[in-house]
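Chain by chain, the residues run as shown.
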Amino acid sequence: MTKILLIEDDDRLAAFIQKGLEEHLYSVTRISTGYEALAVTQDISFDLIILDIMLPDISGFQICSALRERKITTSIIILSALDTTEEKIKGLQAGADDYLGKPFHFEELLARINAQIRRKSFEQGITDSQKYADLEINIAEQSASRAGKTLFLSPREYKLLLFLLKNRERVVTRTQIAEAVWDIHFNTHTNVVDVYINYLRNKVDKGFQFSLIHTVKGRGYLFKHKEE
Amino acid sequence: MILRLKLAWNSTFIVALILSLSFAGTYLLFKQHITHSFYKRLQTRALTAAFFHLEKDELNAQKYEVIEKKYQEIHRESIRFFDGQNRMVFEFDTLHYTIDPSILNRIRENKIFHFTKNERQFAGIFYQDNEGDFVVLASDIDKDGINQLGMLNLYLVVFLFIGVVLSFLLTLLLAKKTFKPFSMLIQNVNTISATNLHERLSINSSEKDELSELTKAFNHFLERLEKGVKSQHNFLKHASHELKTPLASIIGHLEVTLSRPRENAEYREKMQALYTDALHIKSILEGLLLLSGLEGSHHMPFSSLRVDELLWDVLEKTSINNPNAIIQLNLHDVEHKPELLEVHANRDLLMIAVGNLIDNALKFSSNQPIDISLNDRAGRLCIAIADKGIGIEERELTDIFTLFYRSAKNAAIPGHGIGLHLSKQIFDLHRIDMEVHSFAGKGTTIHLLFPEISSPPKN
């Protein structure tokens, strides 16, 4: 069962989130102050934290930074009525993974929780700093480099590279890629996967000694280090 | 009218200054002239006396007679003769004054010399003759001159006073006349308030001066003010109406439902209706807040971002709210031009604007598949969002961006007429051109034409 820590001081809102999440079979621990949050995260490990910004004692941003300082990598979703771009950036800089403004649709919160949990499982099987040939990926920083040169990847390109790396030396089909990298189902007639493989090749393979991404005709793609 | 008085005072001060300067100049020049003429007279007298006393032996009787006649005319002037040892050898007066030897020496040096002692003017000449060299000194007080100067002084002071007073009164009169239209303008402006903003100030068309310019500027200002007040008034009217409708529906549902016990299924159905209304209110409020934010500030933070990533995020959100939606994304045209996807934008705002268009496309085509394609149009990124929905009538194409506009035929489709207006404002802020192509009954295609990339993308 996925364990969620809910830090929210508004009782009515907290009660409805707890009820909704429990109905979707999550186990929810509900607390209402920042100090409690810092204490409880020392003993128990959670799969996800939902954090309000305006708490009676310390601010959500501070809690977020404190948790990240303690090397707790649990996904954090900030839930706040402070819904400006500056606040969002502040939250993400403090180490939050996502930011949702109030009022929100419960369905959206649920979807974001699922997305975070999926991302965690997506990253599973890859160590924090994974190397393959001369390619290196840093999960914590969500960055990639090849032969010491930083690769500027967009989020989807990064996710695609991560998926290919996870399935290295194995042929993956376009459908497998589409389902894993894009959560939405889009029409298979479109060429989205090919386009993004092309973007990725331009950044990962172009100008380097050897290629890592290979097309397997009629089947899909292969991520492999083979000298040519 | 402080300004009027101020103008009169200032102008009077200037007039007084100019008059005083010119009068003082006149007085001084006149005084100089009088003094000079008197010296000349004294000099002539001294010469006559010298001739009379010293040239009797050298002149014939006829000439001497003329001199003698002239000498007889000297009454008031004092004449004194001094010899080479500065001794007074002749005195033609009973006055008590002494002459400094240095002055006598000076007369000898200069031949002719004028000076004044107290009020008395002196003219001295050095006369060389066979009887000896003499200094002849004629002196007198110029009583006429002093009287004339005194009169002149009096006249000038009187005229100065009259001039200053007259100038003050006339300027005051002139200022009053000049400022009269202004005070009338002020009166007119004072009569205009929030209730009669439609009224305008009358312009005197015959004259094209600062006043008519000011009146025009006022009228222009009133026009803008009226427009602003009107739009705010309309906005409030519409906003309150839009908010009242779902609220009325909530209250009505609750009243009816609570009036007697009902089946569980019915409660469920009513709760669903309440939920829809609450969502409606929420989205109106969010739209209005965003709009007021957009209007209030033009300093939205912009950053570099990939538009395809933004689209994926929008689509993810859409799929949460609308799981049955089918959206086909076509990136074929930009497959080899990823640099076109780099745009400079405010991520949150652009997500809302594009999200609105996609929501509309889905809403007005009863969830038929919609096509989104990213194209290269002469070096500019163009996002095309196409649906196969009910389309927009041609005559409505200009109205759809108006705040709170709802097409009559779409009354059954939920909405509140904020989305498109908001999207348009956001696109304008990003300098994104929006083209709407629509055929009633066949569908709508919206093209978003991004501004040309000004700098080459990084990487």
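Residues numbered from 1 in each chain as written. Chains lettered and ligands numbered in written order. Predicted model: local features only at pLDDT ≥ 70, side-chain atom pairs only at ≥ 80, totals over all residues.

A.B. asks: Can you tell me about the interface of chain A and chain B, naming the residues and giving the values?
C.D. replies: By a widely used convention, the size of an interface equals the accessible area lost when the partners come together. Between chain A and chain B, the residue contacts involve 22 residues of the former and 22 residues of the latter. Elements represented by at least two residues in the side of chain A that touches chain B include exactly α5 (106-123), α6 (155-166) and α8 (192-204) of chain A. At 5 residues, α8 of chain A tops the list of elements feeding residues into the side of chain A that touches chain B. Looking at the side of chain A that touches chain B, its residues break down into 10 nonpolar, 8 polar and 4 charged. (Contact = placed C-beta atoms within 7 Å. Helix = DSSP H or I, 4+ residues; strand = E, 2+ residues; numbered from the N terminus. Nonpolar A, V, L, I, M, F, W, Y, C, P; charged D, E, K, R; others polar.)

A.B. asks: Requested: an account of the sheet that holds strand β6 (residues 129-132) of chain A, with residues and values cited.
C.D. replies: All names here are of chain A. Overall, antiparallel pairing links the 4 strands, which are arranged β6-β7-β8-β9 in an open sheet. Of all strands in the sheet, those bounded by a partner on one side alone are β6 and β9 (149-151). The average angle at which neighbouring strand axes cross in this sheet is 25°, direction not considered. Pairing of β6 with strand β7 (residues 135-138), which is carried by 4 bridges, proceeds in the antiparallel orientation. Residue pairing in the sheet places Q130 in a bridge with I137 of β7. (Pairing = 2+ DSSP bridges. Axes fitted to C-alpha atoms, helices over the stretch in contact; angles between N-to-C directions.)

A.B. asks: So, helix α2 (residues 34-43) of chain A: which residues are in play, and what are the values?
C.D. replies: All names here are of chain A. Buried residues of α2: G34, A37 and T41, and no others. Along the axis of α2, the buried residues cluster in a sector spanning 50°; they form a single face. Opposite the buried face of α2, at more than 90 degrees from it, the exposed residues are A39, Q42 and D43. (Buried ≥ 20, exposed ≤ 12 C-beta atoms within 10 Å, placed from the backbone. Arc of directions from axis to C-beta.)

A.B. asks: Account for unusual backbone geometry, naming residues and giving values.
C.D. replies: Residue and element names in this part refer to chain A. Between K102 and P103 the backbone carries a cis peptide bond, its omega angle lying at -5°. Even without being glycine, L25 reaches a positive phi, approximately 65°. Within the element layout of this structure, L25 appears in the loop between α1 (11-23) and β2 (27-31). With 8 C-beta atoms counted inside 10 Å, the residue L25 sits in the exposed group.

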